[in-house]
Structure formats: structure tokens, C-alpha cells
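Given next are the chains, with one letter for each unit.
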Amino acid sequence: MKFITLLTASLLIVSCAKTDLVYFANNFETIAQTDNAIPTLSSRLLRVREPGECDNNKCPQEVIYITVSEFGEYPEQALYITPKANKWQFIEWNHIPKLGEEKPTIIFTLKKTNKNIEQKVTVEVSLSTIEYK
Amino acid sequence: MKRKILSFNGKITFINDEPSKPSPNLPVSEFLAKIIEHVVRTTNLSINVNSTTGGTHSKTSFHYYGMAIDINLINGKKIDDPTNSANVKKVQQLLSLQADIGECFGPFINIRKKGTKIIQKPQMKAKHLNHLHISSQR
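The rules we used
Residues numbered from 1 in each chain as written. Chains lettered and ligands numbered in written order. Predicted model: local features only at pLDDT ≥ 70, side-chain atom pairs only at ≥ 80, totals over all residues. Heavy atoms only, no water. Contact = heavy atoms within 4.5 Å. Buried area = accessible area lost by both parts, 1.4 Å probe. Salt bridge = Lys/Arg side-chain N within 4 Å of Asp/Glu carboxyl O. Polar contact = N/O pair within 3.5 Å; in protein donor to acceptor, adjacent residues only side chain to side chain. Helix = DSSP H or I, 4+ residues; strand = E, 2+ residues; numbered from the N terminus. Nonpolar A, V, L, I, M, F, W, Y, C, P; charged D, E, K, R; others polar. Expected span 1.5 Å × (residues − 1). Buried < 20%, exposed > 50% of the residue type's maximum accessible area, 1.4 Å probe, protein only.

Outline the interface of chain B and chain A, supporting the account with residue identities and numerical values.
Each side of the interface is counted separately: chain B has 20 residues, and chain A has 14 residues. Summed over both partners, the interface of chain B with chain A comes to about 1,400 Å²; 48% of that surface belongs to carbon and sulfur atoms. Ranking the residues of chain B by area buried against chain A places Thr 60, Tyr 65 and Lys 114 of chain B at the top, with a combined share of 36%. Summed over the shared surface of chain B and chain A, the result is three salt bridges. Our enumeration of links across chain B and chain A arrives at eight residue pairs in polar contact (both at pLDDT 80 or more). Every element with two or more residues in the side of chain B that touches chain A is listed here: strand E7 (101–105) and strand E8 (110–114) of chain B. Taken together, the residues of the side of chain B that touches chain A break down into five nonpolar, eight polar and seven charged.

This is the structure in C-alpha cells:
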């Protein structure tokens, strides 16, 4: 009986061995997402900080995973990762595409901090490209 | 702007394939309604819409925006009934030609249209042998 219970449990609980995915799933923080009122393109910004603590003026760095998805039953989707920085913050959405736009693109502003120097970065993403301005 | 699809004296029915669930006769995008009505008017074939904004679909589905429907019967016969192939093909061919069509998935044609660009999606066929999934672009 105990064997059967254990066997059943082992069939239901499967551990994910992909180390990067385990770290990502346990540590990401959603810092912004489009409201999806218009079904054109949607995006989520997920911030992940490296493990550890500041030591000798060296601190764990952050990246933002930028998801992009179209709408539909089987949507085309993309995922981008920003370069590392000491700190990444979301400022605002600048443009969400309207229905019928020929080349739908989402534009938003981030703030990057590196060695106490702040810099605003405008990001333009679509399903095929990402540009930092 | 959303509105209900006209019934054309019973040519278009709205019977949920899960009888305990609510009727799918709900407002949809007027562009989608026009597409469906045009196809029924032109082919003179009857259809049953078994899903509009209800049911379970992909998280990003146009169903949730009133921009997609599923059709499970044409002329009273199931989509996967071999004796119904000619009718199903005729309906899919006409649907796929409409300017505002977004997705047309079924046993014979599987396309995703963005603007005027048409993308072939042959991998959708296997999941659409017993129903048509039709969406509009607006």
C-alpha cells in the first residue's frame, strides 16, 4: 500500500532539473505588465537579481526579462533579457499598439543605475526585435 | 462595437456542445459577425456556433475579446463527418478570403492573417479536425 502511494506521488510530483529555470521561477519579481485592454501585443517585465550580497563594493546585479506576446489561440511569443545593471526600474509605458497597426511595437521607459549613475533607457520591442534608445 | 450574430431564420444556431453550459449567443465584434453572416448568406449552408466568449481557450485567445467563435456543425453535420467535407471546405475557403479574418483553423485551411499578410499554420490542423476556430482582426 505504502509502495503504491509513493509510486503515485512520484508520478504526480516532478522536479524541474533546469537550474536556470528553478532560480528564475523562485526569484523573479513582476515589475510591470501591459493591461491587455486591446488584444494586439502584451508584455511583462520580470526583474531577477543575482544571488548573494554586496561585498567589497561589488553588489549582485539585476536583469529584466521582457516577455512579448501577440494574441490569438496559438500566439507567437518572444523573450528578451536586458544587460546587467546594479538596479533596473520601470518608469512608464509610452506606446501600446492599436488594432490594425502594420508593425505592432511596445515602447516603454526604464531607469538603469550603475555605480550610482542613473540613466533612462527607452525600449522598443516587437515579436522579432528589441532596441534600446 | 459588439453585437449578436443574426440568426438568418435559424440558419445560424448557437447550441453549446456542453448542454449544461450557457448559450453562446453573445455579442461579438461586428466585424466577426459580418464575416459569419456573409459566409452563411453566400453558401446558403447552416452553421452551429458552439462557442463565442465562453469556454476554455488559450490565455491570449481572441474568444475573451468577442473576436473569435467556434463552429462544430455545418448543415447539421459534424465538421469531421466525411460526408460533410465539401461543405466544410467551401465554408473555410470563403472564410479565409475575408479581409478582416484573423484566424481560420480547421481540417482544410489553417491560416493566421495579420493585416494583409497571410501566415500558413499547418500545425493547427490536428487540433481543429472536429471544429472550426474563426477570429477577426478587429
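Describe in detail helix H1 (residues 30–43) of chain B, supporting the description with residues and values.
Residues and elements named next belong to chain B. Counted at 1.5 Å a residue, the expected span for H1 with its 14 residues is 20 Å, and the 20 Å between its end C-alpha atoms agrees. All buried positions along H1 are accounted for by Leu 32, Ala 33, Ile 35, Ile 36, Glu 37, Val 39, Val 40 and Thr 43. The N-terminus of H1 is capped by Ser 29, whose side-chain oxygen sits 3.1 Å from the backbone nitrogen of Phe 31. The first or second residue beyond H1 is Asn 44, which carries a positive phi of 60 degrees.

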